[in-house]
Amino acid sequence: MKSFTVITWKRYLKRFVTLVLFCVCLFLFTLHLLHWLFPFPRHLLTLPPPSLQLEDCRSEPLMAFVNSAEEWYFPVALANVSNSFVKAILSVEDKNFYRHRGIDYLAIVRAIWGNVSATRPLSGASTITMQTVRLLQTRPRSLWNKCVETFRAWQLEKILRKDEILYLYINRTPYGSNLIGVEAAARRYFGKSAKRLSLAEASMLAGLPQSPERLRPDRYRERNWRRAVFAMSRLCQEGHISRAELLHGLAERPELSLSPRHFIAPHFCYWVHATGIPTNTIRTTLDMRTQQIAERILGDGLQKWTGKGIDNGAVVVLDNHTDAIRAMVGSADFFAVSTPGQINGAVEPRSPGSTLKPFTYALAFDDGLAAPASTLLDLPYLDSHHHFQNYDKTYSGPVSARAALRQSLNIPPLRLLEQIGGDRLLATLRQTGLRSLTDTAEHYGLTLTLGGCEVSLLELAEAYATLARLGVHRRLRFSEAQPRSASSTVISEASAYLVSDILRDTEPLIASDIPLPKLCPPFAWKTGTSSHHRDAWAVFYNPDITVAVWIGNMDARKTPEIVGIHAAAPIACRIFLELARPGENVWYTMPATVQMREVCALSGSLPQPGICPHRIDDLYIPGKSSALACHVHLEAEIDIATGQLLCQFCRNEKNVRREVYEEWDAQTALWWREHGSSRLLPRHNSACTYVRGDDLVILSPVDGREYASRVEEQYVLLQAVSPSTARLYWMVDGILLQECAQGERVRYSLQPGSHSIVCIDGMGRQKTVTIHVR
């Protein structure tokens, strides 16, 4: 009987073992079959978009932004997490993590026994892998979903290594509020990275995943600390830390560092954030010191204007060598409501005024249309759409290109642009970085050189950085990780140097009571004022840095006090001088393509030997600048008795003296006469029988004629003859209309009112008629 019992027991045991093995095999087969039929959804492994942390060029924090899910989330590698935190999270959540395959069967048995026997009520058996699955795809709590999560955990262990699973876990676990991941929690609660967490701090965070909201240290300090003590005790029990380390951790009891989040250079940070770079930390090019200097000086400089209707401004500072944006101040006060401070004035397109004129001169120098000493005409000028004037509504007559750019006269660059062509200037401006210029050259017309367009302060700074690099353009960088863009030569080195040399003059700044130090470093500068006094601009640069300032109002209202040299230049100058390298005269070495030559002081052309009375030395570009001799000075024979000009037919050897005079075109000659010049070529001998002074005749229109302007395009033809000259000059109401050959007809569009029409020939003779248009 006993033998039968033993045999029967062995038989049943064998059957039981066989059944167990069969069940295990069936279970494993079913698992693999399900794994094949329902593979793990790998798209769940993709981490959510990170929050953005911006730092300055020295890794000092500027600002952080939540991600698209409105969460603070900064993924961090395991190597950059405190070892104390890794040990603590494993100890309290899954001490067998590195020994099981996603399912801790012993923990399951222990949990069942504890819940049934009530020795460990409500004990769970979720592994870190299971919790990770639940974090990757949330499901309602139920027995079926628990089975699904268990299966998915087994799958996850098959496709990822343990460290990869732990990486997902510590980066996807909530830590209270909208904090996701240990890095976000460490920054928020302790103001440091996860790598720098102490034992006590790590234990405080390691206890949070059990119940993130119920254990939040900023709300339930004592409850969180009790959980941290439990975590440290477990670490000591399991031999991960010594008792001395435990006592030190218990004595530490860290204080929370819940200081307000950094909010530095907000306009710049929001602008960078809008680029949408998919990364969690950007070390920007912004320099904290430079930013603070720009903010302080802008605020100080605006105080004197607040009572005069000017309440805002913006600043951009660039490093010309690295193409880095070192400062961007978008408004005087980001939080101001009455003067909408949250608008970024550094990137808002506005009329740049005269700040674009240097680029017109640079092209003119490149094309040989002018050199710094060349004479340009600052006289009344009109085209079919505009009657152009200077800012002060006066004219300087013949001026050198150097003086015209220094004084920011309007008429000379217009005349140059007419020769250069609007398409060429527009293309050049776009290549320097003025990407807001999206219309055609025909749309802008000649006013393009006067600022008849809209660009942003940041674009203008980029364009001037091109001048500062002597014609080489590179795209600006806002991140230290950005590679430098390819260089492109937009303006020749020679012409950029000439423009910079002209803009180096500081006398207008001194005249405007802008203080300069005794040992002032060299710099080039330019100001601009938009039409109707809406915007004031100033740009200062040297080989190292470019400082650009805009002053005005965000609503673009007119303010008579807004003038570039008075409102913007003092602020830009102070910023530049504070940032420039002290005691160093940083300036350009004159390129080999620029040389010095002697020119006529009046015409800027090569002097005629023995004729041009005054000469100066000035810069030019060999092979490009004009090599023509002076066309203004000439030696003429004058009748001693009458002071009149003699020709070969009426000259008398006994009563002749030879003198040097100036011969100008008709409009310039008229200007000189009105301003009392004594060196103009005198009138021809009235007694000459070959050339008479009365030969100039206006054939059309008839003096005193009345016209009725009934249609928009009605016009009258102007015609005159003069046998003594090949060219005639027509002026209407004191403004040059057109130059033509004698006998040629000139069309003049009728405008209501009375008009004085003057015709002048090359010998200075003139006739006038008056017409009336109803």
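Refer to the structure presented above.
What counts, and at which threshold
- Residues numbered from 1 in each chain as written.
- Predicted model: local features only at pLDDT ≥ 70, side-chain atom pairs only at ≥ 80, totals over all residues.
- Heavy atoms only, no water.
- Helix = DSSP H or I, 4+ residues; strand = E, 2+ residues; numbered from the N terminus.
- Buried < 20%, exposed > 50% of the residue type's maximum accessible area, 1.4 Å probe, protein only.
- Polar contact = N/O pair within 3.5 Å; in protein donor to acceptor, adjacent residues only side chain to side chain.
- Contact = heavy atoms within 4.5 Å.
- 1 Å grid on protein atoms, 1.4 Å probe; cavity = no way out; pocket = protein on both sides within 12 Å on 5 of 7 lines; lining within 4 Å.
- Points joined across faces, edges and corners; volume = space filled by probe spheres on them.
- Nonpolar A, V, L, I, M, F, W, Y, C, P; charged D, E, K, R; others polar.
- Salt bridge = Lys/Arg side-chain N within 4 Å of Asp/Glu carboxyl O.

Details of the side chain of Thr290
Counting through the fold element by element, Thr290 comes out in helix H12 (residues 288-303). For Thr290, a relative accessible area of 7% puts it in the buried group. Of the polar contacts made by the side chain of Thr290, one reaches the side chain of Asp287; its length is 2.8 Å. When residues no more than four places from it in sequence are discounted, the contact partners of Thr290 are Val317, Arg326, Ala327 and Leu579.

Some points on empty space enclosed by the protein
On inspection of all chains with the given rule, the structure shows 2 cavities of 30 Å³ or more. Roughly 30 Å³ of internal volume is contained in the second largest cavity. Around the second largest cavity, the lining residues are Phe40, Pro41, Leu44, Val133, Gln137, Arg139 and Arg152. Here the residues of the lining of the second largest cavity are counted per class, giving 4 nonpolar, 1 polar and 2 charged.

With respect to the pattern of salt bridges
In the structure shown here, the tally under the stated rule is 33 salt bridges. In this structure, Glu183 and Arg187 form a salt bridge, with 3.0 Å as the shortest nitrogen-oxygen distance. Of this pair, Glu183 and Arg187 both sit in helix H7 (residues 182-190), separated by 4 residues, roughly a single helical turn. The class for Glu183 is buried, based on a relative accessible area of 5%. Ionic pairing is found between Glu637 and Arg658, a salt bridge with its closest N-O pair at 2.9 Å. Pair noted here: Glu637 is in strand E19 (residues 633-639) and Arg658 is in strand E20 (residues 656-662), with a separation of 21 residues, a long-range link. A single salt-bridge network, built from bridges that share partners, covers Asp319, Arg326, Arg477 and Glu480.

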